[in-house]
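# Residue-level structure breakdown
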Amino acid sequence: MLFIFSWTHTPAARDVTIKQFMATGGMPPAGIDMLSRYHNLDGTGGFAICQSTDASALASWALDWNGLIEIKIVPIMDDETISGVLGPRFA
């Protein structure tokens, strides 16, 4: 399943968050494939698109960071998948 893993942080947490990111690379644990990651130009946060079937791996990744940043994990679908859901209802 695909997910948006998004984050925001306060200006007070910015420097500590950046230092942790630079030291660790912010990579997800085993069980999560990060497909892409993007950062807000203003430095306030960003999001990653990832794929996983392991909810505990997503929770673990969030726990690595949620002491510094606010995290939101949202399941998403691509066009092909949502078309399969919408097609029978709106054909």
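Values in this document were obtained by computation on a predicted structure and should not be read as measured data.

## Description of the sheet that holds strand 4 (residues 70–76)
Spatial ordering of the open sheet is given by 2-3-1-4, a layout of four strands whose pairing is antiparallel. Edge positions in the open sheet fall to strand 2 (32–39) and strand 4, since each of these has one partner strand only. Neighbour to neighbour, the strand axes of the sheet diverge by 20° on average, direction disregarded.

## Regarding the pairing of strand 2
Sheet analysis places strand 2 next to strand 3 (residues 45–52), joined by seven bridges and oriented antiparallel. Bridge pairing links S36 to I49 in strand 3.

## Topic: the confidence of the model for the protein
Taken as a whole, the protein shows an average pLDDT of 94; of its residues, 100% reach a score of 70 or greater. At the level of individual helices and strands, the protein shows its lowest average pLDDT in helix 3 (residues 79–90), which scores 91, and its highest in strand 2, which scores 98.

## Topic: the side chain of T17
Positionally, T17 belongs in helix 1 (residues 14–24). Here T17 is in contact with H9, W65, L68 and I69, once residues within four sequence places are set aside.

So, how was this worked out
Residues numbered from 1 in each chain as written. Predicted model: local features only at pLDDT ≥ 70, side-chain atom pairs only at ≥ 80, totals over all residues. Heavy atoms only, no water. Pairing = 2+ DSSP bridges. Helix = DSSP H or I, 4+ residues; strand = E, 2+ residues; numbered from the N terminus. Axes fitted to C-alpha atoms, helices over the stretch in contact; angles between N-to-C directions. pLDDT = per-residue confidence, 0-100. Contact = heavy atoms within 4.5 Å.

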